[in-house]
Amino acid sequence: MAIGEASGEAAGETAGRDFIRDIIADDLAAKRRSKVVTRFPPEPNGYLHIGHAKSICLNFGVAEEFGGQCHLRFDDTNPTKEEQEYIDAIKADVRWLGFDWGAHLHHASDYFEQLFAWAEHLIQSGKAYVDDQSQDEMRAKRGTLTEAGQNSPFRERKVEENLDLFRRMRAGEFDNGARVLRAKIDMASGNINLRDPVLYRILKAHHPRTGTAWSIYPSYDFAHGQSDAIEGITHSLCTLEFEDHRPLYEWFLANLPVPSKPRQYEFARLNLTYTVLSKRVLTELVRGGHVKSWDDPRMPTLAGLRRRGVPPESLRDFVKRIGVSKSNSIVDMGMLDFSIREVLNTTAQRRMAVLRPLKVVIENYPESKTEELEAVNHPENEAAGTRKLHFGREIYVERDDFMEVPEKKFYRLSPGSEVRLRYAYFITCREIVKNAAGEVTELRCIYDPATKGGNAPDGRKVKATLHWVSAADAVKAEVRIFNQLFSKPDPDASNFAGDLNPQSMEVLADCQIERSLVDYKAPVQFERQGYFCRDIDSTPQKLVFNRTVGLRDTYSKVSGVKPPGQK
RNA sequence: UGGGGCGUAGCCAAGUGGUAAGGCAGCGGAUUUUGAUUCCGCCAUCCCCUGGUUCGAAUCCAGGCGCCCCAGCCA
């Protein structure tokens, strides 16, 4: 029986109940299992994305919660698509997400010899045969979704001949595609996976781990369940599309002398709005130059999210919130944003940075004077301390914080209005300076010396507080704003080019940032704007920041004015 | 009349015969030197549809409808 009304107390990291956890709890309670062993089984043919994060959190999370273990096992059975680069990246990503496989790093290729022996076992028991048909012939005889297939003319080959042929396949005597080893099950099955599935194919390719030792490789179906059995996996969790494979998975376990009997359970894979979670598409995005790299901050890859500044805690929180079920769903990207803000709000220190600078000259502030003002680093965490801000006659404020003709709900700077400069003074706009083209190039303001620190002794209130930066002290920097990679909530994965958002990245090259940011490396909140992190493209000469996510913005909702590049 | 799944609010998602949890989004309002955060309150007479069983059904039965997956020597 399910326990936990799950709420409150327990480790914030513990996920709630779901059908998988219920099954496991049941198995344990009924003593069908004495421990829990799961596995995360990526194929090293691409980078991990947020959909994998769901699986990783599920597999490692469940093992942790029930005091079991989770293995990292590379499903490396297709050397034509797999690369060492991916193996290394996957390990780094899983670790970054916060999980540890301990001594349990495995590979399907570790079991190639055993798998081969089991294939011979099947041949010997008359349950597998070598088929000489071409790929096209096999396809033609497989039948259709509504019609049964036809038996291969090689289906009744003698055991000895099958054994001999299979061994020669391994020895490399035949060309790629010349023959395959097939299970002898049922060509008329309604489940196409049972129509004599291929167990081994000839693939003369270099394997990242076994090199050229093999010229035949097992198929996914023949390798996966048996690898699970070898490792003593108890609950083999995979996505819905493998549901049809379960009868085959069980067929092998029933017909082979395996050391344990794992059970497969399927859950729905993650889908997110405004992006695509398909290795094929992600690979094309990279190879086609639509993004700069696998770790481009616009990518839903773990590497991309990491570079963008998303903390691993946010991903874990997100996965916990979306739950695990069997219904296909498309999760709103806003959920991810929420989890990112949730974590960053409490961990990121605050700083000021002006992204689109507008110069302000405070006319009644003495030309030669400068001051040091104190600012808190985190409004909800005193332990984060304070820092000094340089203040002078000339400062920069955000261009969006000024409107020559303010609209109804706009209560920032406009001619004659008074606002507060955070941690500094109240200022009032007196005059607008424009260039020949009529664009505002400078604001002339006056300040009230009595409001130092940001409060008026006479109790006078102000409707807005602006972030700012000292013109004399600020440092120039580049800031990259990322928007949705796709312009549609449900991009067409089979023809994605047309759905790409042309404004997915916006580079602001002339930002003015607070000096203290020069050697601040942690995730940070630029007040009133969002969470940012230093990008690896930064050099001592040029700092580059990535916007991880913007702050919630209720103003743009009421005004209908969205920041540039946003929808 | 191929096989396998799934259908609870705009989006996730609990619930498995006793009278619709929770989260995201949204909407009000309080606090606020971030239009942020925080805090309060609102937000499914109804669970794909139609019948039926029952004192009582989202939950059971029957029949429909809709969506997803499968015809790789990919995983």
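Let me sum up the structure you'll find in this document. The structure presented is a predicted model; accordingly, all values stated were derived computationally and were not measured.

Let us now look at the sheet that holds strand β12 (residues 357-362). Spatially, the 7 strands line up as an open sheet ordered β19-β16-β17-β18-β12-β15-β20, and their pairing is mixed. The open sheet has two free edges, formed respectively by β19 (465-466) and β20 (468-470), since each of these has just one partner strand. With 3 bridges connecting them, strand β16 (residues 418-421) and strand β17 (residues 426-434) associate as antiparallel partners. Bridged to Val-419 within β17 is Ile-427.

Our focus in this paragraph is the sheet that holds strand β23 (residues 524-526). Ordered in space as β10-β23-β24-β25-β21-β22-β11, the 7 strands form an open sheet in which the pairing is mixed. Among the strands making up the open sheet, the edge pair consists of β10 (349-351) and β11 (353-354). The sheet contact formed by strand β24 (residues 530-534) and strand β25 (residues 543-550) spans 5 bridges and is antiparallel. The partner of Tyr-531 across the bridge, within β25, is Val-549.

Okay, the environment of Arg-17 next. Considering the arrangement of structural elements, one finds Arg-17 in the segment before α1 (19-29). Sequence separation of Arg-17 and Val-324 is 307 residues, and the distance between their C-alpha atoms is 8.7 Å. Side-chain polar atoms of Arg-17 contact the backbone oxygen of Arg-21, separated by 3.2 Å.

Turning to the environment of Arg-307, a few remarks are in order. The topology assignment puts Arg-307 in helix α10 (residues 302-308). Judged by relative accessible area, which is 16%, Arg-307 ranks as buried. Residues contacting Arg-307, with those up to four places away along its chain left out, are Ser-293, Asp-295, Pro-297, Arg-480, Cys-533, Asp-535, Ile-536, Asp-537 and Asn-546. Side chain to side chain, Arg-307 and Asp-537 meet in a polar contact 3.3 Å long.

Positive phi, close to 70 degrees, is recorded for Tyr-423, a residue that is not glycine. With respect to the element layout, Tyr-423 can be found in the loop between β16 and β17. Look at Tyr-423 and you get buried, because its relative accessible area is 13%. Not every positive phi belongs to a glycine, and Arg-528 is a case in point at roughly 70 degrees. Note on placement: Arg-528 falls in the loop between β23 and β24.

Our next topic: helix α2 (residues 50-65). The end-to-end C-alpha distance of α2, which contains 16 residues, comes to 21 Å, matching closely the 22 Å that a straight helix rising 1.5 Å per residue would cover. Most of α2 sits out of view: 14 of its 16 residues are buried. Two residues or fewer past α2, Gly-67 is found with a positive phi of approximately 65 degrees.

To continue, consider the pattern of salt bridges. Applying the stated criterion across every chain yields a total of 53 salt bridges. Of the charged contacts in the structure, one is a salt bridge between Asp-164 and Arg-168, with a shortest N-O distance of 3.1 Å. Here Asp-164 and its partner Arg-168 are both found in helix α6 (residues 159-170), 4 residues apart, which amounts to about one turn of the helix. We classify Arg-168 as partly exposed; its relative accessible area is 28%. Between Arg-307 and Asp-295 there is a salt bridge, and its shortest N-O distance comes to 3.2 Å. Here the residue Arg-307 occupies a position in helix α10, and Asp-295 occupies one in the loop between α9 (279-287) and α10, the gap between them amounting to 12 residues.

Between two aromatic rings, the relevant description is the distance of the centres plus the angle of the planes. Across all of its chains, the model carries 21 aromatic pairs by this definition. Taking the centre distance of 5.5 Å and the plane angle of 80 degrees together, the rings of Trp-251 and Phe-252 count as edge-to-face. The same class applies to Trp-251 as to Phe-252, namely buried. Here the aromatic cluster, defined as three or more aromatic residues joined through ring pairs, consists of Phe-112, Phe-116, Phe-166, Tyr-200, Trp-214, Tyr-217, Phe-222, Trp-251 and Phe-252. Against the face of Phe-116 rests Arg-170, its NZ or CZ located 4.6 Å from the ring centre.

It is worth spelling out the state of the cysteines at this point. This model, assessed by the stated rule, comprises 0 disulfides. No disulfide involves Cys-429; its sulfur sits 4.6 Å from the nearest other cysteine sulfur, which is in Cys-445. Take Cys-429: its relative accessible area is 1%, and that puts it in the buried class. Looking at Cys-511, it has no disulfide partner, and the nearest cysteine sulfur is the one in Cys-533, 14 Å off. Relative accessible area serves as the criterion here: at 0%, Cys-511 is assigned to the buried category.

Another aspect to go through is the side chain of Glu-120. As for its placement among the helices and strands, Glu-120 is situated in helix α4 (residues 112-124). Excluding anything up to four places from it in sequence, Glu-120 contacts Leu-163, Phe-166 and Arg-167.

Our next topic: α4. Over its 13 residues, α4 runs 18 Å from end to end, which matches the ideal 18 Å to within 8%, given 1.5 Å per residue. Turning to α4, its buried residues number three or more, namely Phe-112, Leu-115, Phe-116, Trp-118, Ala-119, Glu-120, Leu-122 and Ile-123. Positive backbone phi, at 70 degrees, marks Gly-126, one or two positions downstream of α4.

What follows concerns the pairing of strand β13 (residues 371-376). Burial along β13 is one-sided: Glu-371, Leu-373 and Ala-375 are buried, while Glu-372, Glu-374 and Val-376, pointing the other way, are not. In terms of strand pairing, β13 meets strand β14 (residues 386-391) through 6 bridges, oriented antiparallel. Note that in β14 the partner of Glu-372 across the bridge is His-390.

Let's shift gears to the environment of Glu-156. The residue Glu-156 is located in the loop between α5 (135-140) and α6 in this model. Along the primary structure Glu-156 and Ala-128 are separated by 28 residues, whereas in three dimensions their C-alpha atoms are 9.6 Å apart. Within polar-contact distance, the side chain of Glu-156 engages the side chain of Lys-184 at 3.4 Å.

So, on to the pairing of β16. Burial of β16 is one-sided: the residues Val-419 and Leu-421 facing one way are buried, the residues Glu-418 and Arg-420 facing the other way are not. Here β16 folds back onto β17, and the loop between the two strands holds 4 residues, one of which, Tyr-423, carries a positive phi near 70 degrees. Relative to β19, β16 runs parallel, the two sharing 2 bridges. The residue of β19 that forms the bridge with Leu-421 is Leu-466.

Parameters and conventions
Counting restarts for each chain, with residues numbered from 1 along the sequence as it is written. To label them, take the chains in the order written and letter them from A, then take the ligands in the order written and number them from 1. Where local features are concerned, this predicted model is filtered to residues with pLDDT of at least 70; where side-chain atom pairs are given and counted, the filter is 80 or more; whole-chain, interface and lining totals use all residues. Excluding hydrogens and water, the side-chain values take into account all heavy atoms of the structure. Here a strand pair is declared whenever DSSP counts at least two bridges between the two strands. Secondary structure elements are defined from DSSP: runs of H or I of at least 4 residues count as helices, runs of E of at least 2 residues count as strands, and each element is numbered from the N terminus. Nitrogen and oxygen atoms within 3.5 Å of one another constitute a polar contact, given that in protein one can donate a hydrogen and the other can accept it, and given that sequence-neighbouring residues count only through two side-chain atoms. The rule is simple: take the accessible area with a 1.4 Å probe, protein chains only, and divide by the maximum for that residue type; under 20% is buried, over 50% is exposed, in between is partly exposed. A contact between two residues is defined here by any heavy atoms of the two lying within 4.5 Å. Expected span of a helix, by definition, is 1.5 Å for each gap between consecutive residues, and there is one gap fewer than residues. Salt bridge criterion: a side-chain nitrogen from Lys or Arg within 4 Å of a carboxyl oxygen from Asp or Glu. Think of it this way: a Phe, Tyr or Trp ring, Trp meaning its six-membered ring, pairs with another when their centres are within 6.5 Å, and the plane angle makes it stacked under 30 degrees, edge-to-face over 60, tilted otherwise. Both a distance and an angle decide whether a charge sits over a ring: NZ of Lys or CZ of Arg must be within 6 Å of the ring centre and within 35 degrees of the ring normal. Criterion for a disulfide: a pair of cysteine sulfur atoms at a distance within 2.5 Å.

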